[in-house]
Amino acid sequence: KSDKRPVVVFFFGGGWRSGTPGQFEMQCKYLAARGMVAMTADYRVSSRQQTKATACVEDGKSAVRWIRANAKKLGVDPKRIAAGGGSAGGHVAAAIGMVPGFESKGEDHEVSSVPNALLLFNPAVVLAPIPGKFEIPDDKAASRMERMGVQAEKLSPYHHVRKGLPPTIIFHGTNDSAVPYRTVELFEKRMKEKGNSCKLMGHEGQPHGFFNWGRAGNSQFRGTMFSCDRFLEELGWIEGKPTIDAFIKEQKK
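Residues numbered from 1 in each chain as written. Predicted model: local features only at pLDDT ≥ 70, side-chain atom pairs only at ≥ 80, totals over all residues. Heavy atoms only, no water.

Caption draft 1: Region of interest: helix α9 (residues 244-251). Regarding α9, the residues found buried are I244, F247 and I248. Along the axis of α9, the buried positions cluster into a sector of 95°, meaning they face one direction only. Counted as exposed and oriented over 90 degrees from the buried face of α9: A246 and K249. Along its buried surface, α9 packs onto α1 (25-33) and α8 (219-234). (Buried < 20%, exposed > 50% of the residue type's maximum accessible area, 1.4 Å probe, protein only. Helix = DSSP H or I, 4+ residues; strand = E, 2+ residues; numbered from the N terminus. Arc of directions from axis to C-beta. Contact = heavy atoms within 4.5 Å.)

Caption draft 2: Geometry of the environment of A82. You can see A82 is positioned in strand β3 (residues 76-86). Along the primary structure A82 and R190 are separated by 108 residues, whereas in three dimensions their C-alpha atoms are 21 Å apart. The contact partners of A82, leaving out residues within four places of it in the chain, are V7, V8, V9, P115, A117, L119 and W237.

Caption draft 3: Examining the pairing of strand β4 (residues 117-121) more closely. In terms of burial, β4 is largely enclosed, as five of its five residues are buried. Of the two faces of β4, the one carrying A117, L119 and F121 and the one carrying L118 and L120 are both buried. In terms of strand pairing, β3 meets β4 through five bridges, oriented parallel. Bridging from a neighbouring strand, A82 pairs with A117 of β4. Note: β4 against strand β5 (residues 168-173), four bridges, orientation parallel. Note on β5: the bridge partner recorded for L118 is T168. In this region the chain leaves β4, passes through helix α6 (residues 138-148) and returns to the parallel neighbour β5; the handedness of that crossover is right-handed. (Pairing = 2+ DSSP bridges. Right-handed = clockwise from strand over helix to strand, strands pointing away.)

Caption draft 4: The arrangement of the sheet that holds strand β6 (residues 198-203) in detail. Taken together, the six strands give an open sheet; going across it, the order is β2-β1-β3-β4-β5-β6, and neighbouring strands pair in parallel fashion. The sheet terminates laterally at β2 (37-41) and β6, the two strands that pair on one side only. Between one strand axis and the next, the sheet turns through 15° on average, direction left out of account. The strands touched by helix α7 (residues 181-193) are β5 and β6; relative to β6, the strand with the most contacts, the crossing angle is about 160°. (Axes fitted to C-alpha atoms, helices over the stretch in contact; angles between N-to-C directions.)

Caption draft 5: Quick peek at the packing of α8 against α9. Packing of α8 against α9 brings their axes to within 10 Å, and their N-to-C directions diverge by 140°. By the angle class used here, α8 and α9 are oblique. Judged by the sense of rotation from one axis to the other, the crossing of α8 with α9 is right-handed. Note on element contacts: α9 touches α8 through I244, D245, F247 and I248, opposite F221, R222, M225 and F226. (Parallel < 35°, antiparallel > 145°, perpendicular 65-115°, else oblique. Left-handed = near helix turned anticlockwise from the far one by under 90°.)

Caption draft 6: Seen up close, α7. Between its first and last C-alpha atoms α7 spans 19 Å; for 13 residues at 1.5 Å apiece the expected length is 18 Å, and the two agree. By the burial criterion, the buried members of α7 are Y181, T183, V184, L186, F187, E188 and M191. In this structure, the buried side of α7 is in contact with α5 (88-98), β5 and β6. Once α7 ends, the next one or two residues include G195, with phi positive near 85°. (Expected span 1.5 Å × (residues − 1).)

In structure tokens form, the structure reads like this:
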């Protein structure tokens, strides 16, 4: 309880329809080994709770608010909370950081739900067209609207980029067929134009979900967590050289 450690909370992917908090268990274990408090959160999804993406974002904001409200009990620093996630979970993390509204009723809104840093893994950050830069086919737009529960632009992180957003790192495969690489390129550019810190780590030829534990001999898990480690070190949240190689070796025993 006397600690004031940096903390991270991860949100799983699954298209706002499905998924399991276990997806980011190994990322949590590694960052905990580096001195952080690490959590993986559940949230409502359509296959289990018949909800829309609005509920996913609402639950994500509730999770960050709960961590901040319970910082003393958890031994964490309320000013060093990172939100991370993959795909739809990456969208949830990004939306927590920049999309206004969608706050759960009955909570103390004096306690901020905005994280202090974002760790995004092939995130869906462009949910609506960007005139002259990125268009969405009509069939996909209709499907997305059905899943969103509101006009897609209202939940689209790109469309809410402004000055003063949390420092962000993005891990994305250049061969991602689910979330086009072009979208994160546009997002990074927009973030920088507004004076925010945003670093896109493109992983050449990699598909959607390339970063997950157990894929390709964990080479991409290693690469993403090594970069994540460096990012957090630059923020002053962790110290020392990355220990990812020793961590992976230990898990194989």
